[in-house]
Amino acid sequence: MDSGVEATESRPVPAAGTAPTLASLAGALTDTLPTGSSVVVRWRDPDTGEGLSEAAGAPPWLHVHAEASLDGETPRADEHAIVEHWSEGDARIALAARLGEPLPPASRKAWIALARRTVAATLTSWRAQARIEALQKAQRLQQALYEIADLAGSGLEMQEMLARIHAVVGGLMYAENFYIVLYDDVRQSVRFLYFADRLDPYVADPEEETSVSEMPNSLTVALLRHGKPLLGPSARLRHEMGVQLDLRHGPDSADWLGVPMRRDDRVCGAIVVQSYDHPASYSNEDRALLEYVAQHILTALDRKNAQIELERRVDERTLELQQANLVLQAEIVERQRAERLQRALYRITELSVTAGSLERFYADVHNVVGELLYARNFYIALLTPEGDQIEFPYSVDERDAARVTRKLTKGLTEYVILHGEPLLADRARIAELEATGNVRSHGALAHSWLGVPLLRDSTVVGAIAVQTYTPEISFTPRDQELLTFVAHHIGGGLARKRAQEHLKAAHAELEFRVESRTRELANANRELRAQISERVRAEQRLTHQARHDALTGLPNRPHLLERLDAAITRVREEGTGGFGVLFLDLDRFKLINDSIGHAAGDEMLVEIGRRIATALGEDGVVARFGGDEFAILAERVADANASMALAARVLEAVSKPLWLGGRELFPSASIGIAQWQPRYRLGEELLRDADAAMYRAKAEGRDRSALFDEAMRAHAIRLLDLEADLRRAIMGDAFVPHFQPIVRLADGVVVGYEALLRWEHELHGALPPGEFIGVGEDSGLIEQVDWLIYERVIAWLRDQRDVYVSINVSPRHFRSDDFADRLLRMLDAAGADPRRLRIEITEVALLDDAPRALRMLSHLRERGVQALLDDFGTGFSALSYLHRFPIQSLKIDRSFVAGLDGDTQAESLALVRAILALAGTLGIDTIGEGIETEEQRRILLELGCQFGQGYLYGHPQPR
């Protein structure tokens, strides 16, 4: 900025210690010189920038001299001019003066010293003032940011909060015309969250979303797409951004400032201020300030939106809980009603078989019905044996004190008996029946009347009726359903009671025996009920045992499968939602049983089951499948992310330490997850995929979870197809041996061959073992494949006289007690020399069951079959076992041989030298595997290796 000010008045010489303002600096210095003089002062300050102060009427050449002196040049000065430059701290200052008349040397020197002091004092004062203004401005900005943060956390409505933020921004710069716009770069739409403008009448609707395609000439849209601040007159900005004038977006501004709001390097909105009357209302400093404030406003908006979203979710959850509570209350009411009904039926049954008068039975039935519905006015009507009259053996009514036997008429009771159906009638219904001539009322007119037929062997023998005389109490269809249900039991009980009465009247002389027999029947009935109850309890126990794990009490596999199938049916019928299945297997659980006992292992399983159930809560079921396997049905898990989160909670719960057998243990588990997909038809399919994902989790390092995905599904399908092909190949004998020579390194003479397995696949040609060994191991088919190859190799060996052949033996064979005998029988049957057969085993076979391995190797060696230890150095390398086993040769792994002439030559040399030294000490031959270069052969020979094999000597070939 140009800070120069005209100095036309004469001014007094500044007193010592007093500094003029920057605007009056040159004028003050001019006043100290002879009339007709003028002064120009220029400076450069790293903090305040460049500055200029000039006296009125200063000639242009003074500016030139001051600028040149400031740049380090020394312009020529005479007695009518003074040109000086010097430094004050980091500031560089230049002064040029034109003298109205020459000054004596002493005065000239004194004036230059005075000028330097005056300029230095003025700059010092200016710097201090600038610092004060900067601190004040920073304080205002900090206060503004505090206010914005407070507003974001307040309970104000969004528009009220934005209006107050507008006021805060207005305290930092001119912001009468101010708006905030949000931008969705995916949907290509904008929402004007807040809008205040004194000329533009537009009223913003924060919820209204407008496509940017509808605003092609909007400078705001151009700012959002540009992604960088825009400052200047709106006409110039429109020209630069290629935006045409469109008065629908408001008039042009004299000065327009817009800054984008960013979230994770994406433009998500903008803040714009503008002035219609004053050009250059905003500076780059205002731009930087608004950018800084914009990010805090965005943070405030995010906090406010998060608060609103949280409140919405709380309201939704509250509503869900209220609805769930209503459902629960309804279930409780329904259960209580069912319990009352069950108690009533039990009491009716009990009353019908216990001793007592018929009148007492009627009264007790009345009490039972009164517990279920309103029965203040209650009566029982029965047809007489002739069927032409009805009698009322029991009646309680607040208006009709007694009901006498009458002939069948058209009363409400007769209507129920004749039609054999319940009748629920209010005043209007009764009037309608009377109008049609179907009924004629007897006694006091009821406000609500309910009658149901009494049946005996499907024949109507009477009716039960209740009635009310006030409009406050009315019967409902539910009461009708309830009374009808009870009436069936009352009819049976009444039949039994009447039969008892008839028997007592007809056989009075046999009263004693009848009473005795009745007591016996009562006792038998109680015993029968007790037996029935005990049988029910036993059945319940058996059902529970059949569906639950005996150790943990958790549901078992059949129980979980039922729940899974029900969940699949529910999701398919509803068409929404989902669920997840988690398959959990404890890591290294066998070590717990083997180390501290099965009792401690059982205690651990119970505790782990409890932890899993606690972590799951009420939203599913936990089952134990036996051993250390658990399965979880998470019914309210809608997607894979929620299932992974649940698995993390379960792993955290399982991994908490526990004390067993006096030891602190830190259990862990591996979890496989299968999320519901429409392709699933049975629960078994979900369990299968979750189980496969669990093995993936174990393979990746245990103590983690893995989600079954399409890649695993494709892999599983491929393995199934490969297993099917493998079974067909076994039946078709599609396996052939390929032979790779083993030579003496000293002269290259072939001393033997290694027989390598190849599968002549009908589609893919010859497959190496790596393509199908894993499937064969998992399915157990590899043993059948091995015996097919052994048979062919031994048949080929029968015709060899000068060389031996080695076959690879899986550790699985060493778990079979008859492997050695079967191999020797095969040699004898083929007529082959056992001394020309070698078996290649790995270190795992030795360590898996050392006593059994020693017996087999010793038995084979007695017949001349030698053993080679393959891939030595890559496994456990339990050197203490070597001297105990009859090992004829060690095969140095190809990874060590490959490193002999590579980048790891030093390490490989050390390892190979150690292996050769060990073999030499034990008297064991050595064979280098994977020799591919002459240099590798030379180094092995120099180190003392006797034999080798590899591509240098030949590739595996069929016989």
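In case you missed it, the structure is sitting above this.
Residues numbered from 1 in each chain as written. Predicted model: local features only at pLDDT ≥ 70, side-chain atom pairs only at ≥ 80, totals over all residues. Heavy atoms only, no water.

## Here's the deal with helix H4 (residues 158–170)
Now for step 1: Compared with an ideal rise of 1.5 Å per residue, which puts 13 residues at 18 Å, H4 spans 18 Å between its outermost C-alpha atoms and is within 8% of the ideal.
Now for step 2: Here H4 has its buried residues at Met158, Met161, Leu162, Ile165, His166, Val168 and Val169. Projected onto a plane normal to the axis of H4, the buried residues spread over an arc of 160° and lie on a single side. (Helix = DSSP H or I, 4+ residues; strand = E, 2+ residues; numbered from the N terminus. Expected span 1.5 Å × (residues − 1). Buried < 20%, exposed > 50% of the residue type's maximum accessible area, 1.4 Å probe, protein only. Arc of directions from axis to C-beta.)

## Describing the pairing of strand E4 (residues 91–98)
Now for step 1: Of all eight residues in E4, six are buried, a share of seventy percent or more.
Now for step 2: Relative to E4, strand E1 (residues 38–45) runs antiparallel, the two being bridged by seven bridges. Residue pairing across strands places Val41 opposite Leu95, the latter belonging to E4.
Now for step 3: Direction of pairing for strand E3 (residues 81–88) relative to E4: antiparallel, over a ladder of eight bridges. Each bridged residue has a counterpart across the sheet, and for His85 the counterpart in E4 is Ala94.
Now for step 4: Here E3 hands over to E4 after two residues, with Gly89 in that stretch at a positive phi of 65°. (Pairing = 2+ DSSP bridges.)

## Brief notes about the pattern of salt bridges
Now for step 1: Evaluation of the coordinates by the stated rule reveals 44 salt bridges.
Now for step 2: Linking Asp364 and Arg360 is a salt bridge whose minimum nitrogen-to-oxygen distance equals 2.9 Å. Taken as a pair, Asp364 and Arg360 lie in helix H8 (residues 358–372) at a separation of four residues, close to a single helical turn.
Now for step 3: Of the charged contacts in the structure, one is a salt bridge between Asp828 and Arg863, with a shortest N-O distance of 2.8 Å. One end of the pair, Asp828, is in helix H21 (residues 819–830); the other, Arg863, is in the loop between helix H23 (850–862) and strand E29 (866–872), and 35 residues separate them in sequence.
Now for step 4: In this structure Arg863 comes out as partly exposed when scored by relative accessible area, which is 33%.
Now for step 5: The network of salt bridges with common partners includes Arg42, Arg44, Glu50, Glu67 and Asp71. (Salt bridge = Lys/Arg side-chain N within 4 Å of Asp/Glu carboxyl O.)

## As for the packing of H21 against H23
Now for step 1: Across the interface, H21 lies against H23 with an axial gap of 9 Å and an inter-helix angle of 20°. Relative to H23, H21 is oriented roughly parallel. Judged by the twist between their axes, the crossing of H21 over H23 is right-handed. Two secondary-structure elements touch here, H21 through Phe819, Ala820, Asp821, Leu823 and Leu824 and H23 through Met856, His859 and Leu860.
Now for step 2: Split into classes, the residues belonging to the contact of H21 with H23 amount to six nonpolar, one polar and one charged. (Axes fitted to C-alpha atoms, helices over the stretch in contact; angles between N-to-C directions. Parallel < 35°, antiparallel > 145°, perpendicular 65-115°, else oblique. Left-handed = near helix turned anticlockwise from the far one by under 90°. Contact = heavy atoms within 4.5 Å. Nonpolar A, V, L, I, M, F, W, Y, C, P; charged D, E, K, R; others polar.)

## A few points about the nonpolar core
Now for step 1: Core analysis: the biggest nonpolar cluster contains 65 residues, and Leu823, Ile839 and Ile841 have the highest contact counts within it.
Now for step 2: Sort the elements by how many residues they give to this core and helix H20 (residues 782–797) lands first, with 10 residues.
Now for step 3: Apart from the residues within four sequence positions on either side, Leu823 is in contact with Trp787, Tyr790, Ile794, Ile807, Leu837, Ile839 and Leu860. (Core = buried A, V, L, I, M, F, W, Y, C linked by side-chain atoms within 4.5 Å.)

## Overview of the sheet that holds strand E6 (residues 189–196)
Now for step 1: Read across the open sheet, the six strands follow the order E7-E6-E5-E10-E9-E8; overall the sheet is antiparallel. If you trace the sheet from one side to the other, it starts and ends with strand E7 (210–211) and strand E8 (230–232), each paired once.
Now for step 2: The sheet contact formed by E6 and E7 spans two bridges and is antiparallel. Paired with Val190 across the strands is Thr210, a residue of E7.
Now for step 3: In this fold helix H5 (residues 219–226) packs onto strand E5 (177–184), E6, E8, strand E9 (255–263) and strand E10 (266–275), with an angle of close to 45° to the strand it touches most, E9.

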